[in-house]
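Results of the structural survey
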Amino acid sequence: MDPPSAASLGDVADAVLQAQELLSSLVISSESGTIPSTGRKNIVPNEYSAVNSGEISENQRQRRVELELYQKITNLRNSLLDFGEDHGIRYVTYGGEHHLKEIMDLITKDLSEPYSIYTYRYFIYQWPKLCYLALDQNEKIVGTIVCKMENTKGPQIGRNDYIRRGYIAMLAVDKTQRRKKIGTALVVSAVEALMTNGCDEVVLETETTNQAALHLYENLGFAKHKRLLKYYLNGVDAFRLKLWIKYPAIIKERASISKQNVGDDAFIPSGDT
């Protein structure tokens, strides 16, 4: 099977950008899970159910945008899983303590930041279904992504304003297994799971010098949100990247995003200043 084309990745990024452009023109209105399996079933969660055609509200328009993005993410993930099978790679979620050491060894080799075993346990034990693994034909872990979900205080629009945030903490791929779309498949799997669980946005940090990671995330619709000076122990700056998913999150971001805190080269959703 051929790898997912640049056009497929572009479709996802285009869907995100179209959502951002559409949502930037909307007025804030009052609004008011299960983790997807590694199978191929294209099941749309209840909150992404299609709305009736005809006259629709602004909220229903946004639901259509979310549904389109979810379907494109799901289709891309299915394509990447098939591509992985053709190359002897399969994807599973964390299966227990027997996986932990392999995950730690892979991330330690690949990332610049050292983590203690307590850091791994904090993420993986609390959110095991948000830890995806890529296994080769010998059942060796050759790629992993570790994520979490949390409710976080949103921009100061309302006293009880909370956003459900997905966070990608770690991503690593064995250098001998690159060019097999493993990193992209892991990120897409994680994003699909976070969307299914109702996240408003997905956030991560990566080194400003890591062009491969920036290219991967930006192809999937992530945008530079902030530059964090000397964020890593080696003194390198980081970009905080965000993928905006839901309408309340992207609209309310207007209250806090400014060109001063993201730098001249950062992307700001249409309508923000």
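Structure shown above.
Now for a look at the structure at hand. (Residues numbered from 1 in each chain as written. Predicted model: local features only at pLDDT ≥ 70, side-chain atom pairs only at ≥ 80, totals over all residues. Heavy atoms only, no water.)

The element strand β7 (residues 238–244) is largely enclosed, with a buried count of 6 among its 7 residues. Pairing between strand β6 (residues 223–228) and β7: 5 bridges, direction antiparallel. Among the inter-strand pairings, L228 is bridged to a residue of β7, identified as A238. (Buried < 20%, exposed > 50% of the residue type's maximum accessible area, 1.4 Å probe, protein only. Helix = DSSP H or I, 4+ residues; strand = E, 2+ residues; numbered from the N terminus. Pairing = 2+ DSSP bridges.)

Another aspect to go through is the side chain of E192. Inspection of the secondary structure puts E192 in helix α5 (residues 182–196). Of the polar contacts made by the side chain of E192, one reaches the side chain of T74; its length is 3.0 Å. Within the structure, E192 has its side chain in polar contact with the side chain of R77 (distance 3.1 Å). (Polar contact = N/O pair within 3.5 Å; in protein donor to acceptor, adjacent residues only side chain to side chain.)

Looking now at unusual backbone geometry. Phi is positive for R179, close to 75 degrees, though the residue is something other than glycine. Looking at the secondary structure, you find R179 in the loop between β4 (162–173) and α5. R179 sits in the exposed class, given a relative accessible area of 84%. The phi angle at K230 is positive, at roughly 50 degrees, despite the residue not being glycine. Structurally, K230 is set in the loop between β6 and β7. We classify K230 as exposed; its relative accessible area is 65%.

Structurally, the position occupied by C131 is in strand β2 (residues 131–135). Owing to a relative accessible area of 0%, C131 belongs among the buried residues under this scheme. Sequence separation of C131 and V146 is 15 residues, and the distance between their C-alpha atoms is 4.5 Å. The contact partners of C131, leaving out residues within four places of it in the chain, are V92, T93, Y94, I103, I124, T144, I145 and V146. (Contact = heavy atoms within 4.5 Å.)

Another aspect to go through is the sheet that holds β6. Spatially, the 7 strands line up as an open sheet ordered β1-β2-β3-β4-β5-β7-β6, and their pairing is mixed. Edge positions in the sheet fall to β1 (90–93) and β6, since each of these pairs with one other strand and no more. The average angle at which neighbouring strand axes cross in this sheet is 25 degrees, direction not considered. Where strand β5 (residues 201–207) meets β7, 7 bridges bridge the pair, whose relative direction is antiparallel. (Axes fitted to C-alpha atoms, helices over the stretch in contact; angles between N-to-C directions.)

Moving on: the packing of aromatic side chains. The geometry of an aromatic ring pair is captured by the separation of the ring centres together with the interplanar angle, meaning the angle of the planes. Taken as a whole and assessed by the stated rule, the structure comprises 5 aromatic pairs. Centre to centre, the rings of Y122 and F123 are 4.9 Å apart; their planes meet at 75 degrees, and the pair counts as edge-to-face. Look at F123 and you get buried, because its relative accessible area is 10%. Members of the aromatic cluster, connected to one another through ring pairs, are Y122, F123 and W127. (Phe/Tyr/Trp six-rings, centres within 6.5 Å; stacked < 30°, edge-to-face > 60°.)

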